[in-house]
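Below, each chain spelled out in residue letters.
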Amino acid sequence: MGNAGLPYRLTCMSPAKPLRRVCQDGHGAAREGYWVRMTDVVDSDELLRRLQRARACAQQEERAWRDRREDLGAADPDPARDAVVRALAYETVVRVLDEILTPGKHDGQS
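Undergrad: Could you give an account of the overall build of the chain, naming the residues involved and the relevant values?
TA: Tallying secondary structure elements over the chain gives four helices and two strands in all. Mapped from its N terminus to its C terminus, the chain presents α and β elements in the order β-α-α-β-α-α. When the 110 residues of the chain are sorted by exposure, 18% land in the buried category. As displayed, the chain offers around 7,900 Å² of accessible surface, 54% of which is attributable to carbon and sulfur atoms.

Undergrad: Which residues make up the environment of Arg69, and what values do they have?
TA: When you line up the elements, Arg69 lands in helix H3 (residues 44-72). Under the relative-accessibility criterion, Arg69 is labelled partly exposed at 26%. Remark: the alpha-carbon pair of Arg69 and Asp82, spanning 13 residues in sequence, is separated by 8.3 Å. When near neighbours in sequence (up to four residues on either side) are disregarded, Arg69 contacts Ala80, Ala83 and Val84.

Undergrad: How would you sum up the pattern of salt bridges? Please name residues and give values.
TA: Taken as a whole, this structure holds nine salt bridges when the rule is applied. Residue Glu62 is joined to Arg66 by a salt bridge in which the shortest nitrogen-to-oxygen separation is 3.2 Å. Placement of both Glu62 and Arg66 in helix H3 is noted, with a separation of four residues, approximately one turn of the helix. By relative accessible area, Glu62 is classed as buried at 15%. We note a salt bridge from Arg86 to Asp82, for which the minimum N-O separation is 3.0 Å. Remark: Asp82 and Arg86 occur in helix H4 (residues 77-101); sequence separation between them is four residues, near one turn of the helix. For Asp82, a relative accessible area of 33% gives the class partly exposed.

Undergrad: Which residues make up the side chain of Arg55, and what are the values?
TA: On the secondary structure map, Arg55 appears in helix H3. The exposure class assigned to Arg55 is buried, which follows from its relative accessible area of 18%. Ignoring anything within four residues of it in the chain, the contact list for Arg55 reads Val94, Leu97, Asp98, Leu101 and Lys105.

Undergrad: I'd love a proper account of the confidence of the model for the chain, names of residues and values included.
TA: Per-chain confidence: the chain averages 74 in pLDDT, with 61% of residues scoring 70 or above. When the elements of the chain are averaged for pLDDT, strand E1 (residues 7-9) gives the smallest value, 48, and H4 the largest, 93. For the stretch residues 8-26, pLDDT sits under 50, and the model shows 36 contacts to residues farther than four places along the chain or on other chains.

Undergrad: Explain the side chain of Glu46 residue by residue, including any values.
TA: Take Glu46: it is sitting in helix H3. When its relative accessible area of 19% is taken as the criterion, Glu46 is described as buried. Here the side chain of Glu46 touches Arg49 through a polar contact of 3.0 Å, side chain to side chain.

Cut-off values and rules
- Residues numbered from 1 in each chain as written.
- Predicted model: local features only at pLDDT ≥ 70, side-chain atom pairs only at ≥ 80, totals over all residues.
- Heavy atoms only, no water.
- Helix = DSSP H or I, 4+ residues; strand = E, 2+ residues; numbered from the N terminus.
- Buried < 20%, exposed > 50% of the residue type's maximum accessible area, 1.4 Å probe, protein only.
- Areas by Shrake-Rupley, 256 points an atom, 1.4 Å probe, with all protein chains shown as cover.
- Contact = heavy atoms within 4.5 Å.
- Salt bridge = Lys/Arg side-chain N within 4 Å of Asp/Glu carboxyl O.
- pLDDT = per-residue confidence, 0-100.
- Polar contact = N/O pair within 3.5 Å; in protein donor to acceptor, adjacent residues only side chain to side chain.

Written out as structure tokens, the structure is:
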């Protein structure tokens, strides 16, 4: 990478943007509050690793929601519909992260 070692700020620090906790439970970073982790200055390699981890996590969640949809089937239509929507949302996240990490990967696919 041509920009290896150059720092990137992941969020905009401004007096108008108060530091606050976004989520009190959930994954590890959420318990500390996103502002703790997301204001770090990171180099391009770390940014790439974080994007790859996010993609892997989104793929795992997509599979989990698709499995849940199949388990629920027609017996429970409302939760099955919710599982479909969540699986599609994670599929979209995976596609966006794919495009960031590997531009053109989905060209020609509908």
